[in-house]
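Here is what each chain is made of, one letter per residue.
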Amino acid sequence: MKEIQLVLSRRIGKTPFEERVFEQGARMFTVYNHMPLASIFRSSQEEYEHLCEHVQIWDVSSQRQVEVAGPDALKLVELVTPRDISRCRVGQCMYAILVDEQGGIVNDPVLIKLAEDRYRLSISDSGVLLWLKGIACGRNLDVDVFMPDVCPLAIQGPKADDLMAEIVGEEIRQLKFFRYVRGRIADMDLIIARSGWSGQGGYEIYLEDSTRGLALWDAIQEVGQKYDIRAGCPNLIDRIERGLLSYGSDMTLQDNPYEIGLDRFFNLEKEAECLSVRALGRILREGIKNALVYIFVSGDELSSPRHTWDLLDRGDNPVGIVTSLAYSRKYGSNIAFAKVRAGFSAPGNILSVELGSGERRQAEVVTRDWRRVCSLAQRKRG
């Protein structure tokens, strides 16, 4: 394929860390929330192996922040998610899918409660800001919705605890998953959360002054040398092995939470008003038409498709699509998420993947419970 170059114009936002990302060899990027996000430094496999053994520093500024502040902040947040936000406490993070009045998934952010009247949404790749502003205006809510000058930096990998303990103190080891604390690094006040988009564990550091990005990166990089720190980025192999979904690939506005298996994250009987409750109740009564599943695809290594690969039944009828795929040495197979018709979602169903140019591969539906995919490696090897 001819080499494609990405033009970084003013239409694509500048991250406070990108100078270091370029210097340390990022060679492939995507655009995420109108900002550059590195996708490859060396190779996906080499970076996966390093991530599983050491520690990496990721520029995830493209994980934009939308803040909701004011007397009606909780009311607005409760309106847009079927999750019960009233249970969230200051110092806590919460995975809170945003769902519209038709039951479609708008986004799947991590919500951070900063104060009783202030919430921050760390969003995936879709236009949450204008959607929330429109609802706030239409409902005449007393609330301010805006994007603050906040950029996340992720520290991920099994040595993340050792690195962060040396930088901010041993007490950081006691921080529970999806909790955050205020801390200081290089004379900067920061929010540090135990979270991150990898299966290896780690932290996300929320820089609240974009002019200090390089100073923060350099302070972490210097201490991290003894832990073999490298610049990295979200890794496709790791996320599919660990069952981490990507908005825009594995779910979109056309999907509802029941199809994607996210219904455990909400309660339709929550007391606060919610835009999507009626639609989700109807979907629950009628039953789902499609389902996200985890599949093994036979044969040698494939690359994740740029276009859609169709899944066919034994009669060559289209019954679904592959959404994300990677080759896993751990599983000894191509592993993937796929959306299929509900009648083909049972484990053991054998389908075929249409790769184009007449080539096909066998695909086995392994599970709908993609949260537990780590246990499948032993079965595959056996």
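About the cut-offs
- Note on numbering: residues in each chain are counted from 1, in written sequence order.
- Thresholds applied to this predicted model are a pLDDT of at least 70 for local features of residues and 80 or more for the giving and counting of side-chain atom pairs; totals over whole chains, interfaces and linings are not thresholded and use all residues.
- Remark: hydrogens and water are excluded; side-chain values derive from all non-hydrogen atoms of the structure.
- Numbered from the N terminus, helices here are DSSP runs of H or I no shorter than four residues, and strands are runs of E no shorter than two.
- Exposure classes here rest on a 1.4 Å probe applied to the protein chains alone. A residue is buried below 20% of its type maximum, exposed above 50%, and partly exposed in between.
- Only heavy atoms matter for contacts: two residues are in contact if any of them lie within 4.5 Å across the pair.
- We define a salt bridge as a contact between a side-chain nitrogen of Lys or Arg and a carboxyl oxygen of Asp or Glu at a distance within 4 Å.
- Here, any two strands with at least 2 DSSP bridges between them count as paired.
- Only the contacting stretch of a helix is used when fitting its axis, a line to C-alpha atoms as for every element, and angles between N-to-C directions run 0 to 180 degrees.
- Buried Ala, Val, Leu, Ile, Met, Phe, Trp, Tyr and Cys residues form a nonpolar core when they are joined through side-chain atoms within 4.5 Å.
- Handedness of a crossing follows from how the near helix is turned relative to the far one, being left-handed for an anticlockwise turn of less than a right angle and right-handed for a clockwise one.
- Residues are sorted three ways: Asp, Glu, Lys and Arg are charged, Ala, Val, Leu, Ile, Met, Phe, Trp, Tyr, Cys and Pro are nonpolar, and all the rest, Gly among them, are polar.
- Here the arc refers to the set of directions running from the helix axis out to each C-beta atom.
- A residue counts toward a patch only above 30% relative accessible area and without a salt bridge, and it is joined to like-charged neighbours within 9 Å or, for Val, Leu, Ile, Met, Phe, Trp and Tyr, to nonpolar neighbours within 5 Å.
- Shrake-Rupley sampling with a 1.4 Å probe provides the accessible areas, and residues are treated as covered by the protein chains on show and by no other component.

Within the chain, the regular secondary structure consists of ten helices and 21 strands. With the C-alpha coordinates of the chain rotated into their principal frame, the extents come out at 65 × 50 × 40 Å. Buried positions account for 54% of the 382 residues belonging to the chain. Taking the intrachain contacts of the chain between residues at least 6 apart in sequence as the baseline, contacts between residues at least 24 apart amount to 65%.

Per the stated rule, a full pass over the model turns up 27 salt bridges. Notably, a salt bridge pairs Arg-182 with Glu-208, separated by 2.8 Å at the nearest N-O pair. Placement of the pair is Arg-182 in strand E12 (residues 180-185) and Glu-208 in the loop between strand E14 (202-207) and helix H6 (213-224), with a sequence separation of 26 residues. According to the relative accessible area criterion, Arg-182 is exposed, its value standing at 51%. With a shortest N-O distance of 2.7 Å, Arg-184 and Asp-189 are connected by a salt bridge. For Arg-184, a relative accessible area of 44% puts it in the partly exposed group. What makes Asp-189 partly exposed here is its relative accessible area of 48%. Here the residues in one salt-bridge network are Glu-67, Arg-118, Arg-120, Arg-182 and Glu-208, joined through shared partners.

Moving on, we come to the sheet that holds E12. Reading across from one edge, E12-E13-E14-E11-E3-E15 is the order of the six strands in this open sheet, with mixed pairing throughout. At either end of the open sheet lies a strand with only one pairing partner, and these are E12 and strand E15 (229-232). For this sheet, the mean angle separating the axes of adjacent strands, direction not counted, is 30 degrees.

We now examine the nonpolar core. Met-251, Leu-262 and Tyr-294 are the most contacted members of the largest nonpolar core, which has 36 residues in total. Breaking this core down by element, the ones donating at least two residues are strand E5 (93-95), strand E8 (110-115), strand E13 (188-193), helix H7 (236-241), helix H8 (257-260), helix H9 (277-286), strand E16 (290-297) and strand E19 (333-341). Counting residues in each nonpolar core, the second largest holds 31 residues, with Phe-41, Met-188, Ile-192 and Tyr-203 among its members.

To continue, consider the packing of helix H5 (residues 160-168) against H6. For any two helices packed against each other, one specifies the inter-axial angle together with the distance between the axes. In contact at an axis separation of 10 Å, H5 and H6 are set at 115 degrees when each is read in the N-to-C sense. Here H5 and H6 pass one another in a crossing that is right-handed. Touching Leu-163, Glu-166 and Ile-167 of H5 are Ile-220, Val-223 and Gly-224, all from H6. The residue makeup of the contact of H5 with H6, split by class, is four nonpolar, one polar and one charged.

Between helix H3 (residues 73-80) and helix H4 (residues 128-138), the shortest axis-to-axis distance is 11 Å and the interhelical angle comes to 115 degrees. Seen along the crossing, H3 lies across H4 with a hand that is right-handed. Within the contact between the two elements, H3 uses Leu-76, Leu-79 and Val-80 and H4 uses Trp-131, Leu-132, Ile-135 and Ala-136.

So, on to the side chain of Ser-62. Within the secondary structure layout, Ser-62 lies in the loop between strand E3 (55-59) and strand E4 (65-69). Once residues lying within four places of it in the same chain are set aside, the contact partners of Ser-62 are Tyr-32, Asn-33, Met-35, Pro-36 and Leu-37.

We now examine H4. The complete set of buried residues in H4 reads Val-128, Leu-132, Ile-135 and Ala-136. Viewed end-on, H4 has its buried residues packed into an arc of 100 degrees, placing them on one side of the element. Along H4, the residues that are exposed and aim more than 90 degrees away from the buried face are Leu-130, Cys-137 and Gly-138. Here the buried face of H4 lies against E4, H3, strand E6 (98-99), strand E7 (105-107), strand E9 (118-122) and strand E10 (144-146). Residue Asn-140 follows H4 closely and has a positive phi angle near 55 degrees.

Sheet strands associate in pairs through backbone hydrogen bonding, adopting either a parallel or an antiparallel arrangement. Sheet architecture is closed into a barrel: six strands sit in the order E16-E19-E18-E17-E20-E21, paired in antiparallel fashion. For this sheet, the mean angle separating the axes of adjacent strands, direction not counted, is 40 degrees. Pairing of E16 with E19, which is carried by eight bridges, proceeds in the antiparallel orientation. When the bridges of E19 are listed, Phe-296 appears paired with Ile-335.

Nonpolar side chains collect at one region of the surface, where Leu-6, Leu-8, Phe-22 and Val-31 lie side by side and expose about 310 Å² of accessible area between them. With respect to the helices and strands, the residue Val-31 is situated in strand E1 (residues 28-32).

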